[in-house]
Amino acid sequence: MAKTKLVVNEVYKIFGPRPQEAYDLIEQGKSKDEIFEETGMTVGVQDASFEVYEGEVFVVMGLSGSGKSTMVRMLNRLIEPTFGKIEIDGHDIVKMSKEELIQLRRREMAMVFQSFALMPHQTVIDNAAFGLEVAGVDRETRYERALKSLDAVGLKANAHSYPDELSGGMKQRVGLARALSNDPSIMLMDEAFSALDPLIRTEMQDELLRLQSESQRTVIFITHDLDEAMRIGDRIAVMEDGRIVQIGTPEEIVTKPADEYVSSFFKGVDVTQVFTAGDIARKQQLTVIERPGSDLNSAIQAMRGKDRDVAIVLDKHQHYEGMVSASSLAEAKNGDGKIQSAFLKDVEPVTGDMGLSDVLHQVANSAYPIPVLDGNKKYIGAISKTALLQTLDRAS
């Protein structure tokens, strides 16, 4: 089970001079708008509680004013929480002194904002090394680390360029490299790609996922963009009026929305871009185990006993070997008598991590269920036309 990296426990942010008064009204069931009307104070975040696991991309999404940017800024105390606890590796940052907080930010955390915030008079490598310079790291070491980060985001060749010589996407890569230079265990990304045009934005999402595959960090990513959340998030927290209304994987939220707000938010999502083959594979097909000395008769008898037209053939370690049908077994029996001769030639298995959009055509045009295997070619299950249609219908 994944280790918990960050815990947010009953956190509130109330903007105004009398937060306890607003808190008491919250306890009475008053809404955010009612509290503002009565007191002039704004409830930015209300009773937020969640955990983020080490190495995951945790997306917080919601409409403008939902509290998502306030939430992320409380995680490094750029905004001070009014009530509650925020623990990183078991240490409550709300109770940390200013010096302890500075050290935490330097050692463990980095933040990437929507605006590139590059200094125009400094080179790319100086911009990437800026945080290290502030931390007092010597010039040689900070340049070495900054160059390594620029290489990671594909900008090593531009190290001595200036920001005005870069495209928007390249500038955001410099911002990402600056965050990576500290080698943080937690990255906070507040609408980091929102200022980019759609094509470059997709490239940056791919870049983030690539970096995660190479060196997994804990990423808290803020966005208002549904497609972005579904594309990069391991789990998604949906916020409304300062409250977290649902947390789950993209698949869970699409298929089991907590309320009408979440349902309307995700209405019309293309589920073929959300689900993988492994998500909908089912172990309902008949399987037979091929063992040394076994013949076709055992497979034929198993299919007759279960009244099935096809069966999946596995070895004793559950590795996929092939699919057989009643007619292919009959032909093989009249031939060389080997079960391998009965394997259906037009059935191609897919891997569990393949996107549903990539296997949709194959399932739709196959006369047989499509076997799904893991990375070690072990059998996960199979996707039939019925399972595919039920998935599409459940999420519509």
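Everything numeric here is computed off the predicted structure, so don't read it as measured data.

J.: Just give me the short version of the sheet that holds strand β5 (residues 91-92), but keep the residues and values in it.
T.: In space, the four strands of this open sheet follow the order β2-β1-β4-β5, with antiparallel pairing throughout. Edge positions in the sheet fall to β2 (42-53) and β5, since each has one partner strand and no second. With eight bridges joining them, strand β1 (residues 4-15) and β2 adopt antiparallel strand pairing. In the strand pairing of β2, Val7 is matched with Glu51.

J.: Kindly report on the packing of aromatic side chains, identifying the contributing residues and their values.
T.: In the structure shown here, the tally under the stated rule is five aromatic pairs. With 5.0 Å between their ring centres and 55° between their planes, Tyr23 and Phe83 make a pair best called tilted. One end of the pair, Tyr23, is in helix α1 (residues 19-27); the other, Phe83, is in strand β4 (residues 83-88), with 60 residues separating them in the sequence. Phe83 sits in the partly exposed class, given a relative accessible area of 26%. Measuring from centroid to centroid gives 5.5 Å for Phe193 and Phe221, while their planes differ by 55°, and the two rings are tilted. Highlighted residues: Phe193 in the loop between β7 (186-190) and α9 (198-214) and Phe221 in strand β8 (residues 218-223), separated in sequence by 28 residues. In this structure, Phe193 and Phe221 share a single accessibility class: buried. Among the aromatic residues, those joined into a cluster by ring pairs are Tyr12, Tyr23 and Phe83. If you follow Lys13 out to its NZ or CZ, it ends over the ring of Phe15, 5.2 Å from the centre.

J.: Tell me about the environment of Ser149, residues and numbers included.
T.: As for its position among the elements, Ser149 is in helix α7 (residues 139-152). With relative accessibility at 6%, the residue Ser149 sits in the buried group. It is 9.4 Å that separates the C-alpha atoms of Ser149 and Ile125, two residues lying 24 residues apart in sequence. When near neighbours in sequence (up to four residues on either side) are disregarded, Ser149 contacts Ala177, Leu180 and Ser181.

J.: Could you give an account of the pattern of salt bridges, naming the residues involved and the relevant values?
T.: Taken as a whole and assessed by the stated rule, the structure comprises 16 salt bridges. Between Glu191 and Lys68 there is a salt bridge; the shortest N-O distance is 4.0 Å. Of this pair, Glu191 sits in the loop between β7 and α9 while Lys68 sits in helix α3 (residues 68-74); the two residues are 123 residues apart in sequence, bridging distant segments of the chain. Close ionic contact of Arg210 with Glu207 constitutes a salt bridge, the shortest N to O distance being 2.6 Å. Pair noted here: Arg210 and Glu207 are both in helix α9, with a separation of three residues, about one helical turn. Among the residues examined, Arg210 registers a relative accessible area of 31% and is labelled partly exposed. Glu207 gets classed as buried once you look at its relative accessible area, which sits at 9%.

J.: How would you sum up the sheet that holds strand β9 (residues 235-240)? Please name residues and give values.
T.: The mixed open sheet is built from six strands, whose spatial order is β6-β7-β8-β3-β9-β10. A single partner strand is all that each edge strand has here, and the edge strands are β6 (109-112) and β10 (243-248). Neighbouring strand axes in the sheet, compared pairwise and without regard to direction, differ in orientation by 15° on average. Sheet topology note: the β6/β7 ladder contains four bridges and is parallel. Within β7, the position partnered with Met109 by the bridge is Ile186. Packed on one face of the sheet, helix α8 (residues 168-181) meets β6 and β7 and runs near 170° to β6.

Rules and cut-offs
Residues numbered from 1 in each chain as written. Predicted model: local features only at pLDDT ≥ 70, side-chain atom pairs only at ≥ 80, totals over all residues. Heavy atoms only, no water. Pairing = 2+ DSSP bridges. Helix = DSSP H or I, 4+ residues; strand = E, 2+ residues; numbered from the N terminus. Phe/Tyr/Trp six-rings, centres within 6.5 Å; stacked < 30°, edge-to-face > 60°. Buried < 20%, exposed > 50% of the residue type's maximum accessible area, 1.4 Å probe, protein only. Lys NZ or Arg CZ within 6 Å of the ring centre and 35° of its normal. Contact = heavy atoms within 4.5 Å. Salt bridge = Lys/Arg side-chain N within 4 Å of Asp/Glu carboxyl O. Axes fitted to C-alpha atoms, helices over the stretch in contact; angles between N-to-C directions.

Nothing here speaks to function; it is all geometry.
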